[in-house]
Number of protein chains: 2
Amino acid sequence: MKTGTLYLLPIPLGEDANHTLPEYLIQQFHRLDYFVAERAKTARRFLKEINHPKPMSEIHIEELNKHSQAEDLPFLLKPALEGHDLGLLSEAGCPGVADPGAQLIQLAHNRQIKVFPMVGPSSILLALMASGMNGQQFCFNGYLPQKKPDLIRKLQLLEKQALKFKQTQLFIETPYRNGAMFEACLEALAPNTRLCIACDLTLPTQYVRTCDIADWKKQPTPELHKRPAVFLLGH
Amino acid sequence: MKTGTLYLLPIPLGEDANHTLPEYLIQQFHRLDYFVAERAKTARRFLKEINHPKPMSEIHIEELNKHSQAEDLPFLLKPALEGHDLGLLSEAGCPGVADPGAQLIQLAHNRQIKVFPMVGPSSILLALMASGMNGQQFCFNGYLPQKKPDLIRKLQLLEKQALKFKQTQLFIETPYRNGAMFEACLEALAPNTRLCIACDLTLPTQYVRTCDIADWKKQPTPELHKRPAVFLLGH
């Protein structure tokens, strides 16, 4: 049986940002009626927003998120195995990057299902571009340790790696803890280490600033509370 | 004097791929008449292709590439310092990632010029999405050593890091050496290490495949010669 293709479908990074999606991506959304999403509710809302031609009752959406088990994956991939094209989306940005979607994509490769990544917004990529830091080598570290002593130690380790290997270090924090992360950076890092904070990327409230720690200490504290942000450190 | 904004402008990853650019990006290109590009010739050709409303004689394009010196940067940024919006583009994909553009962006931050990254195709991001490998933590390593013994050693080091830190390792090669890189991977890496090859991303000839080294050895060698590719290894 001819299998379907697994399309990797970016969605906007927040509200009022649908214009950041290329038209060929919207058209692909319109052509699909099988989807796997982190949250079905988010997926349905988005499909209605972009005027999907079919009614929700004819669209199949299953969930893949942190509560899913490995044994759920074959069921989620089933439409593609049975010949239907299938769309994978996450809660924001690009699927398969820092989300549970990678496991489904891995199974697709194992089952010789074609995987088709599509172009759209990624806060990690946009932050790296805008930071002005070395993009020849970079490392995305995800979430850092929560406990303050462990966090300080980790920040100093990343600072060492950035210097030694000329490798920009990226990390994220749960938005309501951004302020504490910023304070930890000021405490842990050397005065001439550069820190970039990239906040609300692609949204009307977008904020990107890179300067060294000594300069961050001279400025008013940026307002980061509950705003999606990416942090970068380098030289 | 009110300064201009530095817009970071992605361009397609190859021919027949303009549809991967969102419309808001094309509109921004149309609004600008000052650009910094890796190659002015590439920039002019692209501006004509997307029907820039101004004749080339009224568009200002300066070059920033591997031949540029640090002392050229202030001159390149001058339009923005003087109040004009300025667009930065690279030879393909997103500027400021693995190209000389980062230095101009860094100077912009130092001079309090607003930096505005825009959404477009990145082979690094698309490869990571499509690979099915862990995107929670990943490292882009750029080009690896060329001499075979050094390359083998580096691949095995990346393999160790991938396993120890659950960190997907990405790297690239000059396209005419892809075949030799593939052979080096088969020689250096363990049978159960997963290798993804992502080739010609967003182009009609796009090819993405992930399997473990033992499986790669059982298949016909993929045709990679002179095709832009991203390699990923992980578990």
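Residues numbered from 1 in each chain as written. Chains lettered and ligands numbered in written order. Predicted model: local features only at pLDDT ≥ 70, side-chain atom pairs only at ≥ 80, totals over all residues. Heavy atoms only, no water.

Draft legend 1. Highlighting the overall build of chain A. Looking only at helices and strands, chain A has 8 helices and 10 strands in total. For chain A, the C-alpha atoms occupy an extent of roughly 60 × 35 × 30 Å along the three principal directions. Looking at the 235 residues of chain A, the share that counts as buried comes to 57%. The contacts of chain A with a sequence gap of at least 6 include a subset with a gap of at least 24, amounting to 72%. (Helix = DSSP H or I, 4+ residues; strand = E, 2+ residues; numbered from the N terminus. Buried < 20%, exposed > 50% of the residue type's maximum accessible area, 1.4 Å probe, protein only. Contact = heavy atoms within 4.5 Å.)

Draft legend 2. Representation of the interface of chain B and chain A in the model. With 53 residues of chain B in contact, the opposing surface of chain A contributes 53 residues. Summed over both partners, the interface of chain B with chain A buries about 4,200 Å², with 58% contributed by carbon and sulfur atoms. The largest per-residue losses of area from chain B upon contact with chain A belong to His109, Met129 and Phe138 of chain B, which jointly make up 16% of the total buried on that side. For the interface between chain B and chain A, the tally reads 0 salt bridges. Here chain B and chain A share 8 residue pairs in polar contact (both at pLDDT 80 or more) between them. Breaking the side of chain B that touches chain A down by element, the ones donating at least two residues are helix 4 (101–110), strand 5 (114–117), helix 5 (123–131), strand 6 (138–143) and strand 9 (207–212) of chain B. Per element, the largest residue contribution to the side of chain B that touches chain A is 7 residues, and it comes from helix 5 of chain B. Split by residue class, the side of chain B that touches chain A holds 29 nonpolar, 21 polar and 3 charged. (Buried area = accessible area lost by both parts, 1.4 Å probe. Salt bridge = Lys/Arg side-chain N within 4 Å of Asp/Glu carboxyl O. Polar contact = N/O pair within 3.5 Å; in protein donor to acceptor, adjacent residues only side chain to side chain. Nonpolar A, V, L, I, M, F, W, Y, C, P; charged D, E, K, R; others polar.)

Draft legend 3. Spatial organisation of the nonpolar core. With 118 residues, the main nonpolar core has Phe29 of chain A together with Phe29 of chain B as its most contacted residues. If sequence neighbours within four positions are ignored, Phe29 of chain A has contacts with Leu9, Pro10, Ile11, Phe35, Phe46, Leu47, Ile50, His52 and Leu89 of chain A. (Core = buried A, V, L, I, M, F, W, Y, C linked by side-chain atoms within 4.5 Å.)

Draft legend 4. Geometry of the domain arrangement of chain A. Residues and elements named next belong to chain A. Looking at the assigned domains, one finds that chain A contains domain 1 (5–117) and domain 2 (123–234). Averaged C-alpha coordinates put domain 1 and domain 2 at centres separated by 30 Å. Facing 8 residues of domain 1, the contacting portion of domain 2 comprises 8 residues. Taking both partners together, domain 1 and domain 2 bury about 510 Å²; carbon and sulfur atoms supply 76% of that area. Across the domain 1-domain 2 interface, the total number found is 0 salt bridges. Taken together, domain 1 and domain 2 are joined by 0 residue pairs in polar contact (both at pLDDT 80 or more). Broken down by class, the residue content of the side of domain 1 that touches domain 2 amounts to 4 nonpolar, 3 polar and 1 charged. (Domains from an automatic or database assignment.)

Draft legend 5. Geometry of the relation of the copies chain B and chain A. Placing chain B over chain A gives an RMSD of 0.0 Å and needs a rotation angle of 180°, together with 0.0 Å of translation along the axis. Here the copies are linked by what is in effect a two-fold axis. (Least-squares fit on C-alpha atoms with pLDDT ≥ 70 in both.)

Draft legend 6. The arrangement of the packing of aromatic side chains in detail. A complete count under the given rule lists 13 aromatic pairs over all chains for this structure. Taken together, a centroid distance of 5.1 Å and an interplanar angle of 65° make the contact between Phe29 of chain A and Phe46 of chain A edge-to-face. Taken together, the residues span a long stretch of sequence, with Phe29 of chain A in helix 1 (residues 23–31) and Phe46 of chain A in helix 2 (residues 40–49) at a distance of 17 residues. Per residue, the accessibility class of Phe29 of chain A equals that of Phe46 of chain A, and both read buried. Ring geometry for Phe138 of chain A versus Phe138 of chain B: centroids 6.5 Å apart, planes at 85°, classification edge-to-face. (Phe/Tyr/Trp six-rings, centres within 6.5 Å; stacked < 30°, edge-to-face > 60°.)

Draft legend 7. Expanded view of the side chain of Arg227 of chain A. All names here are of chain A. When you line up the elements, Arg227 lands in the loop between helix 8 (213–218) and strand 10 (229–234). By relative accessible area, Arg227 is classed as buried at 19%. For Arg227, the side chain forms a polar contact with the main-chain oxygen of Thr205, separated by 2.7 Å. With sequence-adjacent residues up to four places away left out, Arg227 is seen in contact with Pro175, Asn178, Cys199, Asp200, Thr205 and Tyr207.

Draft legend 8. Representation of the sheet that holds strand 1 (residues 5–8) of chain B. Residue and element names in this part refer to chain B. Taken in spatial order, the 5 strands line up as 3-2-4-1-5 in an open sheet, and their pairing is parallel. The two strands at the open ends of the sheet, each matched to only one other strand, are strand 3 (60–63) and strand 5. Mean inter-strand twist for the sheet, computed between neighbouring axes without regard to direction, equals 25°. Of the strand pairs in this sheet, strand 1 and strand 4 (residues 86–89) are connected by 3 bridges, and their pairing is parallel. Note on strand 4: the bridge partner recorded for Leu8 is Leu88. Lying over the sheet, helix 2 (residues 40–49) contacts strand 2 (34–37), strand 3 and strand 4, oriented at roughly 145° with respect to strand 3. (Pairing = 2+ DSSP bridges. Axes fitted to C-alpha atoms, helices over the stretch in contact; angles between N-to-C directions.)

Draft legend 9. Examining the state of the cysteines more closely. Residues and elements named next belong to chain A. Considering all chains together, one arrives at 1 disulfide over all chains under this definition. Sulfur of Cys185: no disulfide; nearest cysteine sulfur belongs to Cys196 and is 11 Å away. For the unlinked cysteine Cys199, the closest cysteine sulfur is that of Cys196, found at 10 Å. (Disulfide = S-S within 2.5 Å.)

Draft legend 10. Quick look at the sheet that holds strand 9 of chain B. If you trace the 10 strands from one edge of the open sheet to the other, you get 9(A)-8(A)-10(A)-7(A)-6(A)-6(B)-7(B)-10(B)-8(B)-9(B), paired in mixed fashion. Of all the strands in the sheet, just strand 9 (207–212) of chain A together with strand 9 of chain B have a single pairing partner and so form its edges. In this sheet, neighbouring strand axes are inclined to one another by 15° on average, regardless of whether the strands run parallel or antiparallel. As paired elements, strand 8 (residues 194–199) of chain B and strand 10 (residues 229–234) of chain B share 6 bridges and run antiparallel to each other. Of the residues in strand 10 of chain B, the one forming a bridge with Leu195 of chain B is Leu233 of chain B. The sheet strands contacting helix 5 of chain B are strand 6 (138–143) of chain A together with strand 6, strand 7 (168–172), strand 8, strand 9 and strand 10 of chain B, and the helix crosses strand 10 of chain B at an angle near 45°.

Draft legend 11. Spotlight on the packing of helix 6 (residues 148–165) of chain B against helix 7 (residues 178–188) of chain B. All names here are of chain B. Two numbers describe how helix 6 lies on helix 7: the axes approach to 9 Å, and their chain directions differ by 60°. Overall, the two elements helix 6 and helix 7 adopt an arrangement that is oblique. For the crossing formed where helix 6 meets helix 7, the hand is right-handed. Contacts between helix 6 and helix 7 pair Lys148, Leu151, Ile152, Leu155, Gln156 and Glu159 from the former with Met181, Ala184, Cys185, Glu187 and Ala188 from the latter. (Parallel < 35°, antiparallel > 145°, perpendicular 65-115°, else oblique. Left-handed = near helix turned anticlockwise from the far one by under 90°.)

Draft legend 12. Spotlight on the pairing of strand 2 of chain B. All names here are of chain B. Neither face of strand 2 is open: one carries Tyr34 and Val36, the other Phe35 and Ala37, and all of them are buried. Here strand 2 pairs with strand 3 via 4 bridges, running parallel. Directly across from Tyr34, in strand 3, lies its bridge partner His60. Of the pairings in the sheet, the one linking strand 2 to strand 4 comprises 3 bridges and is parallel in character. Within the sheet, the bridge partner assigned to Val36 lies in strand 4 and is Leu88.

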